[in-house]
Amino acid sequence: MLQRVSERTPTLPTDPPALAAALEATGYLPDEGLATAAYLALAMHRPLFLEGEAGVGKTALAHAMAEVTGRPIYRLQCYEGLEASQALYDWDFGRQLLHLRAAEAAHAAGAAEELDTEKLEASLYDRRFLLARPLLQALEDSPSVLLVDEIDRADDEFEAFLLEVLSDFTISIPELGTVRATTPPLVVLTSNRTREVHDALKRRCLYHWLQHPDFDREVAILRRRLPEVTEQLAREVARATANLRRLDLLKPPGIAEAMDWATALHTLGARHLDPDLAARTLGAVLKYREDTDRVQAMAGGALLGE
Ligand SMILES: Nc1ncnc2c1ncn2[C@@H]1O[C@H](COP(=O)(O)OP(=O)(O)OP(=O)(O)O)[C@@H](O)[C@H]1O
Ligand SMILES: [Mg+2]
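Residues numbered from 1 in each chain as written. Chains lettered and ligands numbered in written order. Predicted model: local features only at pLDDT ≥ 70, side-chain atom pairs only at ≥ 80, totals over all residues. Heavy atoms only, no water.

**Thoughts on the packing of helix α10 (residues 215–225) against helix α11 (residues 231–245)**
Right, on to step 1. Relative orientation of the contacting elements α10 and α11 amounts to 130°, with a least axis distance of 9 Å. Accordingly, the angle class assigned to the pair α10 and α11 is oblique. As α10 runs across α11, the sense of the crossing is right-handed. Contact with α10, carried on its side by F215, E218, V219, L222 and R223, involves E231, A234, R235, V237, A238, R239, T241 and R245 of α11 and no other residues of that element.
Right, on to step 2. Among the residues forming the contact of α10 with α11, the class breakdown is 6 nonpolar, 1 polar and 6 charged. (Axes fitted to C-alpha atoms, helices over the stretch in contact; angles between N-to-C directions. Helix = DSSP H or I, 4+ residues; strand = E, 2+ residues; numbered from the N terminus. Parallel < 35°, antiparallel > 145°, perpendicular 65-115°, else oblique. Left-handed = near helix turned anticlockwise from the far one by under 90°. Contact = heavy atoms within 4.5 Å. Nonpolar A, V, L, I, M, F, W, Y, C, P; charged D, E, K, R; others polar.)

Have a look at this one:
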């Protein structure tokens with residue numbers, strides 16, 4: 001059974017529990033459902049589409065998978081207006097120009113007999129003048145992990161383009177030819193579900209909805225990520241965070257916020273959480289004034305209790 005590997009072509013985990021153990025060795029604690037989905041994505045060469053609220057570990061899973069498989073990770077952060085060229089490649093205009101100037105100068109100095117413009121032009125479209133962006137990098141540097149982060153922020157056009165790339169993992173560069181991944185990258189797409197992603201894209205992927213962790217897992221994550229925080233403080237923070245998530249807040253706290261809260265409390269020298277301390281440090285865990293106001297108005301016991 002594999003635990004952790006550093007080479008490029010490691011023996012991959014042979015079943016979901018083996019993958020879960022390997023992920024845990026990197027500090028990422030998945031539940032059974034996520035370990036199964038991630039294992040299948042790897043074994044079936046299918047993209048993994050992860051949806052879930054903010055801070056539940058979508059992006060971190062991709063990084064942990066890269067560590068487990070020993071593959072490099074390429075991250076494409078999506079945003080409104082993202083265009084294919086920003087995801088694929090650009091020609092390095094500045095360097096092309098320098099190359100052109102150097103050739104002209106050499107010609108003027110008599111070093112080159114004749115300036116063959118056609119040849120010169122062709123030489124501008126050499127691989128060394130190509131700036132590879134994440135999609136191309138992930139295909140060239142195979143096998144790799146490709147993280148397409150927050151796909152819900154990109155436009156429909158970009159989604160359609162991505163669908164094309166994900167269907168055959170080939171990119172055609174008119175001046176250079178076709179780039180094909182020798183092994184398809186492990187693709188992890190994440191979404192906060194600010195909008196629905198199209199069915200066609202989802203159909204290509206294995207889908208998993210990432211939930212907030214249950215109490216025991218959250219305590220384990222806090223302990224694992226923040227070894228300096230005491231067991232008691234970790235349990236109290238996990239309990240209070242779980243209570244906050246039940247309140248239907250504008251922005252329910254994710255694991256990242258629970259970690260921030262525990263760190264803030266630890267920084268203040270707290271060994272455990274009491275109502276007064278909770279009220280003073282709420283800014284580590286809640287990021288909307290409306291949410292803070294609501295929670296401040298609650299009796300402290302209601303936040304901290306079972
Ligand atoms: N299962 C887990 N085990 C260990 N650490 C975790 C786990 N889930 C989340 N974390 C930690 O919680 C933090 C937030 O996770 P991450 O950034 O991956 O969330 P996200 O779902 O991508 O959030 P967003 O939607 O805001 O981008 C990270 O520091 C990550 O390491
Ligand atoms: Mg993320």
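There is more to say after this.
**Observations regarding helix α8 (residues 156–168)**
Right, on to step 1. Among the residues of α8, those classed as buried are F158, E159, F161, L162, V165 and L166. Angular distribution of buried residues about the axis of α8 spans 160°; they occupy a single face of the element. Of the residues in α8, the exposed ones pointing more than 90 degrees away from the buried face are E157 and E164.
Right, on to step 2. Of the residues one or two after α8, F169 is the one with positive phi, at around 50°. (Buried < 20%, exposed > 50% of the residue type's maximum accessible area, 1.4 Å probe, protein only. Arc of directions from axis to C-beta.)

**Concerning the pattern of salt bridges**
Right, on to step 1. Taken as a whole and assessed by the stated rule, the structure comprises 16 salt bridges.
Right, on to step 2. We note a salt bridge from D293 to R289, for which the minimum N-O separation is 3.5 Å. Highlighted residues: D293 and R289, both in helix α14 (residues 289–297), separated by 4 residues, approximately one helical turn.
Right, on to step 3. The class for D293 is partly exposed, based on a relative accessible area of 41%.
Right, on to step 4. Judged by its relative accessible area of 65%, R289 is exposed.
Right, on to step 5. What emerges from the salt-bridge pattern is a single network uniting E51, R193, E196 and K202. (Salt bridge = Lys/Arg side-chain N within 4 Å of Asp/Glu carboxyl O.)

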